Amino acid sequence: MTCGGDMKSRLCGRRGLLAPDPAPVAGIDLRLTGLENVQRLAALHQLDPKRIPDVVEDIVEFTELGDFFDLPVGTYSAGMRARFGFAFMTALEADILLIDEVIGAGDKRFHSKAEKRLEAFTASGGIIVVASHSTAVLSALCTRAVVMRKGRIAFRGSVPKASAFFTASETGGATGDDPSAEQPAA
């Protein structure tokens, strides 16, 4: 499922930074502290070293980890790790953010903060690609949706119509080739 507008016109000929799913951020070392991981991940993502102090400040503020930020990430709860990964990946200021059910982690307060951060991301021209089975999450984040079957697009269109198609296909009411499927915006 995609958010942030017409991907074709925004991606053609464009080079930029792709931020992967923040839930299991690639490169997190559970033995290192939050700060050490930010420094390590910043190097892996080729972040300008001058930006690291601002990124650290943003992550500490957003995650509300407090003193835990100075402890090994392996001591964090699953929710704390999700907040840490989400904060880091969104602090990268990437062009495209990939999300796989990450909004399911954390409490209501985190959800609210995450939604506001994602809204700001898309408002600034960022593209979000979300993989989810939650119509509520998709409706909140996405303007267009794609239903995949066996590695192929079975439907593309609005989130409500994609959700209805997905539900029908799960219960045997859709075959996987929907002739009435909407086409993406040109």
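Anything mentioned here points back to the structure above.
Everything numeric in this text was worked out from a predicted model, so none of it was measured.

## Thoughts on the packing of aromatic side chains
So, step 1. Under the criterion given, the structure shown has six aromatic pairs.
So, step 2. Pairing Phe69 with Phe84 gives two aromatic rings, centres 6.3 Å apart and planes at 50 degrees, and the pair type is tilted. One end of the pair, Phe69, is in the loop between helix 3 (52-63) and helix 4 (78-91); the other, Phe84, is in helix 4, and 15 residues separate them in sequence. Take Phe69 and Phe84: they sit in the same class, and that class is buried.
So, step 3. Through successive ring pairs, a cluster of aromatic residues spans Phe62, Phe86 and Phe110.
So, step 4. Geometry around Phe62 places Lys113 over its ring, the cationic atom sitting 4.8 Å from the centre.
So, step 5. Across from the ring centre of Phe62, 4.1 Å away, lies the NZ or CZ of Arg117, which sits over that ring.

## Focus: the pattern of salt bridges
So, step 1. Under the definition given, this model contains five salt bridges.
So, step 2. The shortest N-O distance in the salt bridge between Asp29 and Arg31 comes to 2.9 Å.
So, step 3. Given the relative accessible area of 15%, Asp29 is considered buried.
So, step 4. Take Arg31: its relative accessible area is 69%, and that puts it in the exposed class.
So, step 5. Where Arg117 meets Asp58, a salt bridge forms, and the shortest distance between an N and an O atom there is 2.8 Å. On the criterion of sequence distance, the pair formed by Arg117 in helix 5 (residues 108-123) and Asp58 in helix 3 is long-range, its members being 59 residues apart.
So, step 6. Residue Asp58 is classed as partly exposed on the basis of its relative accessible area, which comes to 26%.
So, step 7. Taken together, the shared-partner salt bridges in this structure form one network comprising Glu64, Arg109 and Lys113.

## Description of helix 2 (residues 34-44)
So, step 1. Among the residues of helix 2, those classed as buried are Gly34, Asn37, Val38, Leu41 and Ala42. Relative to the axis of helix 2, the buried residues are bounded by an arc of 135 degrees and lie together on one face.
So, step 2. Against helix 3 and helix 4 lie the buried residues of helix 2.
So, step 3. A positive backbone phi angle near 55 degrees is found at Gln46, which sits one or two residues after helix 2.

Calculation criteria
- Residues numbered from 1 in each chain as written.
- Predicted model: local features only at pLDDT ≥ 70, side-chain atom pairs only at ≥ 80, totals over all residues.
- Heavy atoms only, no water.
- Phe/Tyr/Trp six-rings, centres within 6.5 Å; stacked < 30°, edge-to-face > 60°.
- Helix = DSSP H or I, 4+ residues; strand = E, 2+ residues; numbered from the N terminus.
- Buried < 20%, exposed > 50% of the residue type's maximum accessible area, 1.4 Å probe, protein only.
- Lys NZ or Arg CZ within 6 Å of the ring centre and 35° of its normal.
- Salt bridge = Lys/Arg side-chain N within 4 Å of Asp/Glu carboxyl O.
- Arc of directions from axis to C-beta.
- Contact = heavy atoms within 4.5 Å.

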